[in-house]
Amino acid sequence: MGSVVELNLTRVEGHGSVKVYREGSRVERVELCLTDSPRLFEALLVGKSYLEVPEIVCRICSLCSTVHKVAALLAVENAFGVEVSEATALTRALIMQGGMIQDHALHLYCLLLPDLLGVPGLTGLAQKAPELLKTGLAVKRVGNMIQETVGGRLIHPVNIRLGGLGLQVGKKELLRLRQELLSVIPACREAYRLFRTPFPFPELPSPNALALEPCENGQVTSARCRMGGGNSFAVAAYREAVEESVLPYSNAKYSKVMGKEATVGSLARLCLGVSLSTQAQAIFDEVKHEILDKDIRGNSLAQAIELCDAAERALELIDRLLDQAPGALGNVTPVPCQGSGSAACEAPRGLLIHSYGFDADGICTYADVVTPTALNQGAMARDLLALARGMEGEDTEKMTMALERMIRCYDPCISCSVHVLKA
Amino acid sequence: MNRPRLAIAGLTACSGCQLTLLNCEEDLAEVAARFELVSFPMAESVEGGEPFAAAIVEGAVSTPHDLANLFRLRNSSRLLVALGTCAIFGGVAAMNNVVSVREELVAAVYGKGEKKGESFAPAPLENFVSVDFSITGCPPEKHEVIALLSALLSGTLPPLATYPVCTECRSRENLCLLLERKELCLGPVIRGGCHARCPATGIVCEGCRGPVREANVAQELELLLERGFGRDEVERRLRRFRPEWNYGQRR
C-alpha cells in the first residue's frame, strides 16, 4: 500500500516541506514543496520609480538583503549607463564580503553544526558546545558589523544607493572594522576543520556547477556566467539560458540552466575556479580532493573555505579604502531613460540575477529576479530522490533526518525563492 | 527557575525580524538560558509543544496556512506579540493592496490559471486575532527586541518610542532633508525609535516603521505637494510599508 512521509524543513529561512511517496518500502517520487507565500515582488515593482526599486526589492530576503540591494543597484545603473566611482565600488565589495561572512557563519555554526553534533538546534548547541557557538557568533558578529557600519543598517542597508553612497565610511570606522576582523581571522582560518567530514549518505549525483565568471579587481559583478563542461552565457542573455516552469506543489519555480539542473553556491564557485585569498587558497589546495567532483555534501566545507576568503578579502578592501583620498565619494546622479538592465552577483548561497525595464520617466515596466534557491530547486529535488532511493528500507525517521540534512547542505533560503516572474 | 516558554514564528515575510533576534549575538546565549525556546523553526528542529507564555510572530497573513498557524499561536499563548512592520501593517508585500487585484498580481508572476486562490492579499495580524504588543520596524531595532525579552522576564512589557523620526533626527542635529534639501522625507509622520538611521546617513526616511500615533498626514502631504512632488508619488511612497493611510481633509 502506498504511503506518504512528510517532513517540515527547519533551520532554514522560510517555510518548506518534503513529501516522500512510497509503495511499500519502494520510493516512487519525492516532492520538494517550497511553500512560503508568494510575495510577488516582480509584479509589485511594476509602476514604481527606479529610485524605489532597490529599496523595495532588497526586502525579498533578510539574510541576503545586502546582495539583493547591490544586484538591484547594479541592474538599474546598467539600464541607465551609470558608472560609479572606485570608492563606491570598493565599498560595495566590502559590504558584500561582510554579508558573506555573516551568512556563512550563521549557516555553518548555528544551522548546520547542530546536525554534526547531533543536537536539535541553538539551545542544544549552547549546552553541548558553548565555546564553538561563541566562536561562530563572534565571526558572525564581525560580518554584521561590516554590514551595519557600511550599510547604515544591518538588514536592508540604506547607505549604499544608486550612483554612490549616503556617507563615506570614515577612517576611524574602517580601522575599527580592521581590528575586529583581525580578532576573528584565526577562527575563520580554522573553521574548515569542523566541516570536513560529510554526512554518511549514499553517494548523490554530481552537481552541474553554475557561477558568475570571476570578477575583475574590486568588482562584484561580471558580464558572464560559467557552467561546468566549458559552457558559459552572457548575463544580459540569461533568459535564453535559464528556463523556468511552475510546479503545482511548490511556489518556487523549477529552473533548468542550459538544459541542466544547475547547482549554485560555494561548492559550485570553488569547482569552477575562483581566485581565492592567500590563506583560503592554501586551505583549498589542502582539501581540494574532498570538494572537487564531490556531491553537495562538500558545500559546507566549501563555505568554510569561503568564510576565510571573505574575511581576508574584507581586510584587503579595507586597506584599499584607507588608501583612498578623503572626500573621494564621487556620487553620480542617474538620469532615467527608457531601457533595460541586468546584473548578476554571487550571493552567499549562489548566483543571483536581477533584471529591470524602465520607461523614459524611469518607471519600472518589468522586473525579474532569479534567486539561488530557485536555481537550486531542480538539483535539490534530484538529490532528494537519489537519497531517498538510496535509503529504501531504512527506518523512516532516519531517512527523513538524512533528507533534511541534505537540504540544509544547500543552505536554501526559501523565503527568497518564491517569486519568479513568468518569462 | 521557571523559564518562560516562547514561540517564535514567521508568516509571510523575509525572516528579517527573526534574524534580528539571531543578530543579538552577545545576548543569544543568555536568551537561550533564560527562556525555553519551545517553538522556533528557524533555529530549532524540535517542537516543545504548547502552551506558550508568549508567541512572537513576524510576517503578514496571506495564506490559509498562515492563518491556521496564527490561530494556533493565539490560542496557546498568553501574550501575542506582532514583530515588525509586516505583522503590524502588512509590510512591503501588501503595498499594492488598495490599488491592485491580488489575482492579477499572482497571474503576472505565475501565469494565468496557475497558483489560483492559494494566497490572498497580505494582511496584518490584528485583522484576525487580538495582538497584545507590537514592535515595529523593517526590520525592528535590536535594542527593542531585547527590551521586549527583558520585560517578559519580569512579567511586563517595555515602553517604546511614541514620537516621530523627526524628534530623533533633530536631536542628532542632522540636516533636515525635507525642509533644507526639499527631498521626499517621511520623517514627520513615521514612528521613531530607530534613532533616525536613514536621515543620519543623508537618506530620506522611507517610512519603514509605519505611522506615529497622531500623525498629521494631511500636513505632511501639504508640505510635499508644496515642494512639487506629485500626489501619486507621495501616496506610493506612503504605501510602501502600509497600504492604507488616512489623508484627512486632503482627500
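Residues numbered from 1 in each chain as written. Chains lettered and ligands numbered in written order. Predicted model: local features only at pLDDT ≥ 70, side-chain atom pairs only at ≥ 80, totals over all residues. Heavy atoms only, no water.

- Chain B is annotated in an unreviewed UniProt entry as Sulfhydrogenase subunit delta of Citrifermentans bremense.
- One UniProt comment on chain B, placed under Subcellular location (unreviewed entry), says "Periplasm". (UniProt positions renumbered as here; feature names shortened; annotations may be inferred.)

- For chain A, an unreviewed UniProt entry supplies the name Sulfhydrogenase subunit alpha and the organism Citrifermentans bremense.

## Points about the overall build of chain A
Phase 1 of the analysis: A tally of regular secondary structure across chain A gives 14 helices and 14 strands.
Phase 2 of the analysis: For chain A, whose C-alpha radius of gyration is 21 Å, the value lies close to the compact-globule estimate of 22 Å for 423 residues.
Phase 3 of the analysis: Oriented by its inertia axes, the alpha-carbon framework of chain A measures out at about 70 × 45 × 40 Å.
Phase 4 of the analysis: A burial count over chain A gives 64% of its 423 residues as buried.
Phase 5 of the analysis: For chain A, long-range pairs separated by at least 24 residues make up 71% of all intrachain contacts whose partners lie at least 6 apart in sequence. (Helix = DSSP H or I, 4+ residues; strand = E, 2+ residues; numbered from the N terminus. Rg over C-alpha atoms; globule rule 2.2 N^0.38 Å. Buried < 20%, exposed > 50% of the residue type's maximum accessible area, 1.4 Å probe, protein only. Contact = heavy atoms within 4.5 Å.)

## Thoughts on the pairing of strand β14 (residues 364-370) of chain A
All names here are of chain A.
Phase 1 of the analysis: Most of β14 sits inside the fold, with 5 of its 7 residues counted as buried.
Phase 2 of the analysis: Bridge count for strand β13 (residues 350-358) against β14 is 6 bridges, and the pairing is antiparallel. Note on β14: the bridge partner recorded for Y356 is A367.
Phase 3 of the analysis: Linkage of β13 to β14, two consecutive antiparallel strands, is achieved through a turn of 5 residues, within which G362 is found at a positive phi near 80°. (Pairing = 2+ DSSP bridges.)

## Comments concerning the interface of chain B and chain A
It is common to report an interface's size as the accessible area lost on association of the parts.
Phase 1 of the analysis: Contacts between the two partners involve 55 residues from chain B and, on the opposite side, 64 residues from chain A.
Phase 2 of the analysis: Here chain B meets chain A over a buried area of about 5000 Å², counting both sides, of which 59% is carbon and sulfur.
Phase 3 of the analysis: When the buried area of chain B at its contact with chain A is split by residue, B:V109, B:Y110 and B:R236 rank highest and sum to 14% of it.
Phase 4 of the analysis: The tally of links between chain B and chain A comes to 7 salt bridges.
Phase 5 of the analysis: One salt bridge connects B:R240 with A:E52, and the closest N-O pair in it is separated by 3.4 Å.
Phase 6 of the analysis: Remark: the boundary between chain B and chain A carries 24 residue pairs in polar contact (both at pLDDT 80 or more).
Phase 7 of the analysis: Where the side of chain B that touches chain A is concerned, the elements lending two or more residues are α1 (16-22), α2 (25-34), α5 (102-110), α8 (197-200) and α10 (231-239) of chain B.
Phase 8 of the analysis: The element contributing the most residues to the side of chain B that touches chain A is α5(B), with 6 residues. (Buried area = accessible area lost by both parts, 1.4 Å probe. Salt bridge = Lys/Arg side-chain N within 4 Å of Asp/Glu carboxyl O. Polar contact = N/O pair within 3.5 Å; in protein donor to acceptor, adjacent residues only side chain to side chain.)

## Describing the packing of aromatic side chains
Phase 1 of the analysis: Under the counting rule described, the total for this entry stands at 5 aromatic pairs over all chains.
Phase 2 of the analysis: Judged by centre distance (5.2 Å) and plane angle (80°), the ring pair of A:Y50 and A:F80 falls under edge-to-face. Taken together, the residues span a long stretch of sequence, with A:Y50 in the loop between α1 (41-45) and α2 (53-57) and A:F80 in helix α3 (residues 65-80) at a distance of 30 residues. In terms of burial, A:Y50 and A:F80 fall into one category: buried.
Phase 3 of the analysis: Aromatic side chains A:Y356 and A:F358 sit 6.3 Å apart centroid to centroid with 40° between the ring planes, which places their arrangement in the tilted category.
Phase 4 of the analysis: Following the ring pairs from residue to residue traces out a cluster consisting of A:Y50, A:F80, A:Y356 and A:F358.
Phase 5 of the analysis: When the ring centre of B:W245 is taken as origin, the NZ or CZ atom of B:R242, which lies over that ring, is 5.4 Å away. (Phe/Tyr/Trp six-rings, centres within 6.5 Å; stacked < 30°, edge-to-face > 60°. Lys NZ or Arg CZ within 6 Å of the ring centre and 35° of its normal.)

## Focus: the domain arrangement of chain B
All names here are of chain B.
Phase 1 of the analysis: Domain annotation of chain B identifies domain 1 (5-153) and domain 2 (165-238).
Phase 2 of the analysis: A C-alpha centroid distance of 27 Å is found between domain 1 and domain 2.
Phase 3 of the analysis: Facing the 8 residues of domain 1 at the interface are 9 residues of domain 2.
Phase 4 of the analysis: Of the roughly 630 Å² buried between domain 1 and domain 2, counting both surfaces, carbon and sulfur atoms make up 46%.
Phase 5 of the analysis: For the interface between domain 1 and domain 2, the tally reads 2 salt bridges.
Phase 6 of the analysis: Linking R209 and E144 is a salt bridge whose minimum nitrogen-to-oxygen distance equals 3.0 Å.
Phase 7 of the analysis: Linking domain 1 with domain 2 are 5 residue pairs in polar contact (both at pLDDT 80 or more), by the criterion used here.
Phase 8 of the analysis: If you list the elements that add at least two residues to the side of domain 1 that touches domain 2, you get α4 (85-89) and α6 (142-153).
Phase 9 of the analysis: For the side of domain 1 that touches domain 2, the residue count by class is 2 nonpolar, 4 polar and 2 charged. (Domains from an automatic or database assignment. Nonpolar A, V, L, I, M, F, W, Y, C, P; charged D, E, K, R; others polar.)

## Considerations on α2(B)
Phase 1 of the analysis: Along α2(B), the positions that sit buried rather than exposed are B:E25, B:L28, B:V31 and B:A32. On an axial view of α2(B), the arc spanned by its buried residues comes to 95°, and they lie on one face.
Phase 2 of the analysis: Looking at the buried side of α2(B), the elements it contacts are α5 (122-128) and α6 (130-151) of chain A together with α1 and α6 of chain B. (Arc of directions from axis to C-beta.)

## Side note on the UniProt feature "binding site: Mg(2+)" (unreviewed entry) in chain A
Phase 1 of the analysis: If you check UniProt for "binding site: Mg(2+)" (unreviewed entry), the listed places come out as A:E42, A:V369 and A:H419 in our numbering.
Phase 2 of the analysis: Looking at the secondary structure, you find A:E42 in helix α1.

## Let's talk about the sheet that holds strand β1 (residues 2-8) of chain A
Residue and element names in this part refer to chain A.
Phase 1 of the analysis: Spatial ordering of the open sheet is given by β1-β2-β3, a layout of 3 strands whose pairing is antiparallel. In this open sheet, the two edge strands, each paired with only one partner strand, are β1 and β3 (26-34). With strand direction ignored, the average angle separating the axes of adjacent strands in the sheet is 15°.
Phase 2 of the analysis: Looking at chain direction, strand β2 (residues 16-23) and β3 are connected through 8 bridges and run antiparallel. Paired with G16 across the two strands is L34, which belongs to β3.
Phase 3 of the analysis: Sheet strands touched by helix α12 (residues 372-390): β2 and β3. Its angle to β3, the strand with the most contacts, is close to 155°.
Phase 4 of the analysis: Strands in contact with helix α13 (residues 396-409) are β1, β2 and β3; relative to β1, the strand with the most contacts, it is inclined by about 45°. (Axes fitted to C-alpha atoms, helices over the stretch in contact; angles between N-to-C directions.)

## Looking at the UniProt feature "binding site: Fe cation" (unreviewed entry) in chain A
Residue and element names in this part refer to chain A.
Phase 1 of the analysis: UniProt annotation of "binding site: Fe cation" (unreviewed entry) refers to C64 and C416 when read in the numbering used here.
Phase 2 of the analysis: Its relative accessible area of 4% is what places C64 among the buried residues.
Phase 3 of the analysis: Apart from the residues within four sequence positions on either side, C64 is in contact with A347, P348 and R349.

## Brief notes about the state of the cysteines
Residues and elements named next belong to chain B.
Phase 1 of the analysis: In the structure shown here, the tally under the stated rule is 0 disulfides over all chains.
Phase 2 of the analysis: Free cysteine C24: the closest other cysteine sulfur is in C17, separated by 12 Å.
Phase 3 of the analysis: C24 sits in the buried class, given a relative accessible area of 4%.
Phase 4 of the analysis: Take C194: it sits in no disulfide, and the sulfur closest to it among the cysteines is that of C205, at 6.5 Å. (Disulfide = S-S within 2.5 Å.)

## Considerations on the sheet that holds strand β6 (residues 208-212) of chain A
All names here are of chain A.
Phase 1 of the analysis: Pairing in this open sheet of 4 strands is mixed, and the strands run β8-β7-β6-β11 from one edge to the other. Where the open sheet ends on each side, the last strands, each with one partner, are β8 (232-234) and β11 (262-263).
Phase 2 of the analysis: In this sheet, β11 lies alongside β6 in parallel orientation, the contact comprising 2 bridges. Note on β11: the bridge partner recorded for A209 is T263.

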